[in-house]
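The residues making up each chain are set out below.
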Amino acid sequence: MYSENPMHDVVRVMKAFLSNQLARFAPSIYVKVTHQTGRGDESGDAKEVAAYFAMCVKEYFEKLDIAPADYAAYLKGKKILEYGPGDVLGVALLMYAHGADAVHCVDRFPLSQISGKSLRIYWEILNALDANKKDRALGAFKEFGKPESGFNPEAIAYTVTPDGLSGKKRHYDLIISRAVLEHVNDLEKTMQDISDALKTNGVSIHQVDLKSHGLDRYKPYDFLTWPEVLFKLMYSHKGFPNRWRVDKYRELAAKSGLRIRHMSPTGQLAMHDVAAIQPKLARQFRNIPGEELSWLGFWVLVEHPAVNAADRS
Ligand SMILES: C[S@@+](CC[C@H](N)C(=O)[O-])C[C@H]1O[C@@H](n2cnc3c(N)ncnc32)[C@H](O)[C@@H]1O
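In this report, we go over the structure that sits alongside the text. (Residues numbered from 1 in each chain as written. Predicted model: local features only at pLDDT ≥ 70, side-chain atom pairs only at ≥ 80, totals over all residues. Heavy atoms only, no water.)

Points about the overall build of the chain
To keep it simple, the criterion reads: Think of it this way: any DSSP run of H or I at least four residues long counts as a helix, any run of E at least two long counts as a strand, and we number them from the N terminus. To get the radius of gyration, use the C-alpha atoms; to get the globule rule, take the number of residues to the power 0.38 and multiply by 2.2 Å. In this description, contact between two residues means that some pair of their heavy atoms is separated by no more than 4.5 Å. All accessible areas in this document rest on Shrake-Rupley with a 1.4 Å probe, and a residue is counted as covered only by the protein chains that are shown. Positive: Lys, Arg. Negative: Asp, Glu. His and the chain ends are not part of the count. A single reference atom marks each charge: NZ on Lys, CZ on Arg, CG on Asp, CD on Glu.
Within the chain one finds 13 helices and nine strands. Compactness check: the chain gives a C-alpha radius of gyration of 20 Å against a globular reference of 20 Å for 313 residues, within 12% of the reference. The principal-axis extents of the C-alpha atoms in the chain amount to approximately 60 × 50 × 35 Å. The long-range fraction of contacts in the chain, counting pairs at least 24 apart against all pairs at least 6 apart in sequence, stands at 78%. Summed over its atoms, the accessible surface of the chain is roughly 14,400 Å², and 55% of this surface lies on carbon and sulfur atoms. In the chain, the 41 positive side-chain charges and the 38 negative ones have mean positions that sit 3 Å from each other.

Have a look at this one:
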């Protein structure tokens, strides 16, 4: 393990262990105490947050190779699952506005709520839409045009489940997530849930952020040097990064019966930074080639193999 100040690291282990127990046994209290509120917290302007959700949707469609003019045709009749939406269901609202039949959001932590800030964000999203889409989006609420009444679950449903799993079988046409898979507590279960919940001709797109999320202490990626057992004691229940690298995603996709249609990095660490940390890596990262280790994040599109191959022929 890499350290420049062992005493400092011992104190960190103790504090992190205690807060991990709080997150394990009282996740709602943990969320409140640590102010894990996400995009709808008081930082950031509602317009900027609304623009973030618009960008997320645009990027999902770019990965699907679907032009804006074709969003509605693509989404017609489709059911979407979003893992880990955070506290504002902005992507869900936009997907519904663009024509999705229904959007279900599933999370492990109960973050989504109607607040002054989230209402301002929903109105920014609504007001940026053209008249037809806005009209459709206004119908996503329990009372037409009243975001404060909450979402009509037939249009946009939000569920909090153990491990953040949907538990559905062959139910969704499109499954998405952004900045979520690196936080899930059991990546194997989540990957299997994606495989189970995805219709045989569906597609699933994820943007994964492999950075340390503030856990590096002295050098880039030194969070990968904590032995796994210590890292789990400190962070396993808090929604912190699970540390899995791209090799694990490949392995679990194959294990769950999914084919990777596309995978590409969103950024890479300099090779001299990778080399500096490689000799101290925790055991499970030691055999990963330097180039793969350097990935700071990635996009991945997965699907069921046989049926999609048949569809394309
Ligand atoms: C960094 S936030 C990203 C929120 C949102 N997707 C965005 O782009 O702003 C991570 C989200 O993943 C959720 N999460 C953590 N563990 C999860 C799990 N096992 N299953 C589903 N969601 C999970 C968190 O509660 C949170 O909503």
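A look at the packing of aromatic side chains
Selection criterion: Note on aromatic pairs: the rings of Phe, Tyr and Trp (six-membered ring only in Trp) are paired at centre separations within 6.5 Å, and the planes decide the class, stacked below 30 degrees, edge-to-face beyond 60, tilted for the rest. Here's how the labels work: a residue is buried when its accessible area is under 20% of the maximum for its type, exposed when over 50%, partly exposed in between, all with a 1.4 Å probe on protein chains only. Two limits define a charge over a ring: the Lys NZ or Arg CZ must be within 6 Å of the ring centre, and within 35 degrees of the ring normal.
Evaluation of the coordinates by the stated rule reveals 13 aromatic pairs. Ring centres of Phe141 and Phe151 lie 4.9 Å apart, and the angle between their planes is 25°; this geometry places the pair in the stacked category. Of the two residues, Phe141 sits in strand E3 (residues 141-143) while Phe151 sits in strand E4 (residues 146-151), which places them 10 residues apart along the sequence. Ring centres 6.1 Å apart and planes at 55° place the aromatic pair Trp295 and Phe298 in the tilted group. Note on accessibility: Trp295 and Phe298 belong to one class, buried. Chaining the aromatic ring pairs together yields one cluster made of Phe61, Tyr71 and Tyr74. Over the face of the ring belonging to Tyr96 we find Arg136, whose NZ or CZ atom lies 4.1 Å from the ring centre. Positioned above the aromatic ring of Tyr221 is the side chain of Arg245, whose terminal nitrogen or guanidinium carbon lies 5.1 Å from the ring centre.

Examining the sheet that holds strand E2 (residues 102-107)
Selection criterion: By definition, two strands form a pair when at least two bridges between them are found by DSSP. Note on method: axes are straight lines fitted to C-alpha atoms, helices fitted across the in-contact stretch only, with angles between N-to-C directions ranging 0 to 180 degrees.
Here we have seven strands laid out as an open sheet, ordered E5-E2-E1-E6-E7-E9-E8, and mixed in their pairing. Each edge of the open sheet is held by one strand with a lone partner, namely strand E5 (156-160) and strand E8 (259-268). Direction aside, neighbouring strands of the sheet carry axes that sit 15° apart on average. The pairing of E2 with E5 spans five bridges and is parallel. The partner of Asp107 across the bridge, within E5, is Val160. Strand contacts of helix H3 (residues 46-64): strand E6 (172-178), strand E7 (198-209), E8 and strand E9 (295-303), with the helix running at about 125° to E6, the strand carrying the most contacts. Helix-sheet contacts for helix H5 (residues 90-97) involve strand E1 (79-83), E2, E5 and E6, and the interaxial angle to E2 is about 165°.

Focus on unusual backbone geometry
Residues other than glycine seldom take positive phi values, yet Asp65 does so here, at roughly 65°. Assignment of secondary structure puts Asp65 in the loop between H3 and helix H4 (71-75). Not every positive phi belongs to a glycine, and Tyr221 is a case in point at roughly 65°.

Focus: the packing of H3 against H5
Going by this rule: Throughout, the term roughly parallel applies to angles under 35 degrees, roughly antiparallel to angles over 145, roughly perpendicular to angles from 65 to 115, and oblique to all others. Left-handed describes a crossing whose near helix is turned anticlockwise from the far helix through less than a right angle; right-handed describes the clockwise counterpart. The residue classification treats Ala, Val, Leu, Ile, Met, Phe, Trp, Tyr, Cys and Pro as nonpolar and Asp, Glu, Lys and Arg as charged. All others, Gly included, are polar.
Running from N to C, H3 and H5 cross one another at 60°; their axes reach a closest spacing of 9 Å. With respect to each other, H3 and H5 are oriented oblique. Of the two elements, H3 crosses H5, and the hand of that crossing is right-handed. Of H5, the residues touching H3 (which contributes Phe53, Ala54, Cys56, Val57, Tyr60 and Phe61) are Gly90, Val91, Leu94 and Met95. A class-by-class count of the residues in the contact of H3 with H5 yields nine nonpolar, one polar and no charged.

Thoughts on the packing of helix H6 (residues 116-127) against helix H7 (residues 131-138)
As a packed pair, H6 and H7 sit with axes 9 Å apart at the nearest point and diverge in direction by 145°. For the pair formed by H6 and H7, the contact residues are Trp123, Leu126 and Asn127 on the first element and Lys134, Ala137 and Leu138 on the second. Looking at the contact of H6 with H7 residue by residue, the class counts come to four nonpolar, one polar and one charged.

By themselves, these are just geometric observations and shouldn't be taken as functional.
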